[in-house]
Amino acid sequence: NLAAALTGTGSLDPNRPIFLHRRRYPKIKLGQQWVQGEKFAIRLGRWKYILGEEEHTQELFDLAVDPREKNNLFDEQSQLANQLADRLQNWREQYIGVSISDTPISEDDFIRLKALGYTNH
C-alpha cells in the first residue's frame, strides 16, 4: 500500500525491491535507439539491474551517483549484478503463465494511440 507515502504521512522502504518490465517490441527504432523484445529490471536501494535478453544486454547502475544511467557497472560489479539477476529471475518465475500479449498493434490502433499522445513515433 503506497497511500501513506503518496499523502506524505509515511515513507517507502528503500530496500524493498521494485521490479520493472518493458513491453515486447519488434525490432524498431524509437527516437535514436533501436529496441527489440522485452526488458526486465530490478531496483534495490541505490542499484538497478536491467536485462535485455533479445538485445543481449545486461546493465547495472548505481543510481546514487549515476541517476541518468550512463555508466554501466555490470563488469566491475559482477557479483552484485548476479545477485540482482537471481532475484529478478525468481520474480519472473513466479509470473510464468501470466498472459502478456505478443499481438502486434494494428496501424489503426497505432494512429489512435498517437492521437491520444501515447507515442510520438
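My aim in this report is to walk through the structure given alongside it, one point at a time.

**Quick word on the packing of aromatic side chains**
Here's step 1: The full count for this structure, using the stated rule, is 2 aromatic pairs.
Here's step 2: Ring centres 4.8 Å apart and planes at 5 degrees place the aromatic pair Phe19 and Trp91 in the stacked group. Placement of Phe19 in strand β1 (residues 18-30) and of Trp91 in helix α2 (residues 78-94) is noted, with a sequence separation of 72 residues between them.
Here's step 3: Owing to a relative accessible area of 26%, Phe19 belongs among the partly exposed residues under this scheme.
Here's step 4: Across from the ring centre of Trp34, 5.9 Å away, lies the NZ or CZ of Lys27, which sits over that ring.

**As for the pattern of salt bridges**
Here's step 1: Across all of its chains, the model carries 8 salt bridges by this definition.
Here's step 2: Between Arg24 and Glu38 there is a salt bridge whose closest N-O contact spans 3.0 Å. In this pair, Arg24 sits in strand β1 while Glu38 sits in strand β2 (residues 33-44), placing the two residues 14 residues apart along the sequence.
Here's step 3: What makes Arg24 partly exposed here is its relative accessible area of 29%.
Here's step 4: A salt bridge links Arg24 to Glu54, with the nearest nitrogen and oxygen atoms 2.8 Å apart.

**Focus: the nonpolar core**
Here's step 1: With 14 residues, the main nonpolar core has Trp47, Tyr49, Leu60, Leu84 and Leu88 as its most contacted residues.
Here's step 2: Of all elements in the fold, only β2, β3 (47-52) and α2 reach the threshold of two or more residues within this core.
Here's step 3: No other element matches the 5 residues that α2 contributes to this core.
Here's step 4: Excluding residues that lie within four positions of it along the chain, Leu60 makes contacts with Trp47, Lys48, Tyr49, Asn71, Asn72, Leu73, Phe74, Gln77, Leu80, Ala81 and Leu84.

**What about the side chain of Asp66?**
Here's step 1: Assignment of secondary structure puts Asp66 in the loop between β4 (57-62) and α2.
Here's step 2: In this structure, Asp66 is buried with no salt-bridge partner, the nearest side chain bearing the opposite charge being Lys70 at 7.6 Å.
Here's step 3: A polar contact is formed between the side chain of Asp66 and the backbone nitrogen of Asn71, at a distance of 2.7 Å.

Each value, and the rule that gives it
Residues numbered from 1 in each chain as written. Predicted model: local features only at pLDDT ≥ 70, side-chain atom pairs only at ≥ 80, totals over all residues. Heavy atoms only, no water. Phe/Tyr/Trp six-rings, centres within 6.5 Å; stacked < 30°, edge-to-face > 60°. Helix = DSSP H or I, 4+ residues; strand = E, 2+ residues; numbered from the N terminus. Buried < 20%, exposed > 50% of the residue type's maximum accessible area, 1.4 Å probe, protein only. Lys NZ or Arg CZ within 6 Å of the ring centre and 35° of its normal. Salt bridge = Lys/Arg side-chain N within 4 Å of Asp/Glu carboxyl O. Core = buried A, V, L, I, M, F, W, Y, C linked by side-chain atoms within 4.5 Å. Contact = heavy atoms within 4.5 Å. Lys, Arg positive; Asp, Glu negative; His and termini not counted. Polar contact = N/O pair within 3.5 Å; in protein donor to acceptor, adjacent residues only side chain to side chain.

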